[in-house]
Amino acid sequence: MTREKIETVQGDRVVLLSFTLTDDEGTLLDRTTTEDPLVYLHGHDNLVPGLERALEGRAPGDRIQVTVQPDDGFGPKVDETEHILPRDAFPDDVELEPGFELALEEDGEEIPLWVVKFDDAQVVCSTNHPFAGKTLRFDVEVLRVREATQDELDHGHPHGIDGSEAHEHED
Ligand code: ZN
């Protein structure tokens, strides 16, 4: 089989990946599992820029190591503003955990926040993404590449592994 016949990673294709993410000290930050690979739509800012660039043109079976500096990752650490929210501002069925992302509306602007810690009374959030300021080391394997459906292109994200996953949209 020649490489030309293999589906390669390029814009508007849905890509399945497995990855392990560590920081530059080797601390494990995140990883996929066999049952739960990462699915993303290439060229639609679903991934941090440094990783997406490195995946361009790759094919299923390719395994790459990529080092991503903060500017190409989750950005530098910004001046931290801690936001403390009451625990009961969150619905009971929301499973809070450190790193949980939410948006706070302030003066008509949406500010992204990430949960740092919480207890029964309050939730402490930061304006920094948990991986902000970190040099990221991805060990990535491309598992599969397929064409995106029109719905996926319209939405700018994949609908599951085979494109048929139903989900609800707020917008
Ligand atoms: Zn969608």
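Owing to the predicted nature of the structure, the values given are computational and were not obtained by experimental measurement. (Residues numbered from 1 in each chain as written. Predicted model: local features only at pLDDT ≥ 70, side-chain atom pairs only at ≥ 80, totals over all residues. Heavy atoms only, no water.)

## Focus on the overall build of the chain
Worth spelling out the cut-off: The helix and strand labels rest on DSSP assignments: H or I over at least four residues marks a helix, E over at least two residues marks a strand, and numbering proceeds from the N terminus. In this scheme, a residue with accessible area under 20% of its type's maximum is buried, one over 50% is exposed, and one in between is partly exposed, where area comes from a 1.4 Å probe on protein chains only. Throughout, a residue-residue contact means that at least one pair of heavy atoms, one from each residue, lies within 4.5 Å. Methods summary: accessible areas were calculated by the Shrake-Rupley approach with a probe of 1.4 Å, and residue burial reflects only the protein chains presented. Neither His nor the chain ends is counted toward charge; the positive residues are Lys and Arg and the negative residues Asp and Glu. One atom stands in for each charge, and that atom is NZ of Lys, CZ of Arg, CG of Asp or CD of Glu.
Scanning the chain from N- to C-terminus turns up two helices and nine strands. Ordered by position from the N terminus, the helices and strands of the chain form the series β-β-β-α-β-β-β-β-β-β-α. In terms of overall dimensions, the chain has C-alpha extents of about 60 × 40 × 30 Å along its principal axes. A total of 171 residues make up the chain; the buried ones form 37% of that total. If you take every contact in the chain between residues at least 6 apart in sequence, the share linking residues at least 24 apart comes to 61%. Carbon and sulfur atoms form 44% of the exposed surface of the chain, whose accessible area is close to 10800 Å². Across the chain, 14 positive and 42 negative side-chain charges occur, with their mean positions spaced 12 Å apart.

## What to know about the pattern of salt bridges
Pairs can form between side chains of opposite charge once their charged atoms are near each other. What counts, and what does not: Salt bridges are defined by distance alone: a side-chain nitrogen of Lys or Arg within 4 Å of a carboxyl oxygen of Asp or Glu.
Counted according to the given criterion, the structure contains five salt bridges. Here Glu7 and Arg13 are joined by a salt bridge, their closest N and O atoms 3.0 Å apart. Residues participating in the shared-partner salt-bridge network are Glu7, Arg13 and Glu147.

## Overview of the layout of surface pockets
Which entries qualify depends on this criterion: Lining residues are those with an atom within 4 Å of a point, where the points come from a 1 Å grid over the protein atoms alone and group into cavities, where a 1.4 Å probe fits but cannot get out, or pockets, open sets with protein on both sides within 12 Å along at least five of seven lines. Grid points are joined across faces, edges and corners, and a volume is the space filled by probe spheres set on the points. Under the scheme applied, nonpolar residues are Ala, Val, Leu, Ile, Met, Phe, Trp, Tyr, Cys and Pro; charged residues are Asp, Glu, Lys and Arg; polar residues are all the others, including Gly.
Of the voids in this model, the largest pocket is the one considered here, and its volume is about 400 Å³. Around the largest pocket sit 18 residues that line it, and Phe19, Asp30, Phe74, His129 and Phe131 are the ones nearest its centre. Elements with a minimum of two residues in the lining of the largest pocket: strand E1 (13–23), strand E2 (28–31) and strand E3 (38–41). Of the residues assigned to the lining of the largest pocket, the class counts are 13 nonpolar, three polar and two charged.

## What about the environment of His157?
So the rule is basically this: For the purposes of these results, a polar contact is taken to be a pair of N or O atoms within 3.5 Å, where, inside protein, one atom must be able to donate a hydrogen and its partner to accept one; residues adjacent in sequence count only when each atom of the pair is a side-chain atom.
By secondary structure assignment, the location of His157 is in the segment after helix H2 (150–155). Expressed as a C-alpha distance, the spacing of His157 and Asn46, which sit 111 residues apart in the sequence, is 7.0 Å. A polar contact is formed between the side chain of His157 and the side chain of His159, at a distance of 3.4 Å.

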